[in-house]
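# Overview (structure and organization)
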Amino acid sequence: MYLLKNASKGFTLLEIMVSISIIAIVFLSLFKMQAGNITLSEAEQFYSAAPYLAQKIIAHIETDFTDTSDTSDTSDASGEFEDDFKNYRWSYSITSEYEPLDSDVMNGEKIENFKKIDLEISKNHDYSITFQTWRYVQR
């Protein structure tokens, strides 16, 4: 009888191993979830900043259209952002792609003053987004 009372005072090795395994699985799941949240946060930051940066570049391009008399059909440029966006890069391509319009709309004339702008914003080669827009340039 003395042996039975002493036997119930502690945990067996098997019980300790099972409890440690359960705790390890829970912590592993929490760490994976946290790593996923960090990745999503980085992606959200990029996809929130990219439209703002694209607007800045488009405004700069429009300023160039009005400040210069260069109305060439194509133009390419690339660069990096400064200050808070040091890891962000941009590149754009401007082309004149026009088709004859319906004669009822523009008397059959071609719209040569429309410029197609393809703008790409990227960050560390991990994230990238492309914007496409058209702008009318007065000559």
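Presented here is an overview of the structure given in this document.

Rules of the game
- Residues numbered from 1 in each chain as written.
- Predicted model: local features only at pLDDT ≥ 70, side-chain atom pairs only at ≥ 80, totals over all residues.
- Heavy atoms only, no water.
- Core = buried A, V, L, I, M, F, W, Y, C linked by side-chain atoms within 4.5 Å.
- Buried < 20%, exposed > 50% of the residue type's maximum accessible area, 1.4 Å probe, protein only.
- Helix = DSSP H or I, 4+ residues; strand = E, 2+ residues; numbered from the N terminus.
- Contact = heavy atoms within 4.5 Å.
- Pairing = 2+ DSSP bridges.
- Axes fitted to C-alpha atoms, helices over the stretch in contact; angles between N-to-C directions.

## So, the nonpolar core
Counting residues in hydrophobic clusters, the biggest one holds 20 residues, and the most contacted among them are I61, L119 and I121. Elements represented by at least two residues in this core include exactly α2 (13-67), β2 (88-95) and β3 (114-123). Considering each element in turn, this core owes the most residues, 10 residues, to α2. When near neighbours in sequence (up to four residues on either side) are disregarded, L119 contacts A54, I57, I58, W90, S91, Y92, I129, T130 and F131.

## Focus: unusual backbone geometry
Located in the positive-phi region is D83, a residue other than glycine, with phi close to 60°. Along the polypeptide, D83 turns up in the loop between β1 (75-80) and β2. Of note, the phi angle at H125 is positive, near 60°, even though the residue is not glycine.

## A short note on the sheet that holds β1
The four strands lie next to each other as β1-β2-β3-β4, forming an open sheet whose pairing is antiparallel. Among the strands making up the open sheet, the edge pair consists of β1 and β4 (127-136). When strand polarity is set aside, the average angle formed by the axes of neighbouring strands in this sheet is 15°. Of the pairings in the sheet, the one linking β3 to β4 comprises 10 bridges and is antiparallel in character. Bridge assignment links I117 to a residue of β4, and that residue is T133.

## Overview of the environment of A50
Secondary-structure assignment places A50 in helix α2. Through-space distance from the C-alpha of A50 to that of S122 is 8.1 Å; in sequence the pair is 72 residues apart. Ignoring anything within four residues of it in the chain, the contact list for A50 reads I121, I129 and F131.

## Section: the pairing of β2
Looking at chain direction, β1 and β2 are connected through six bridges and run antiparallel. Bridge pairing in β2 places D76 opposite S93.

Purely spatial values, then, with no claim about function.
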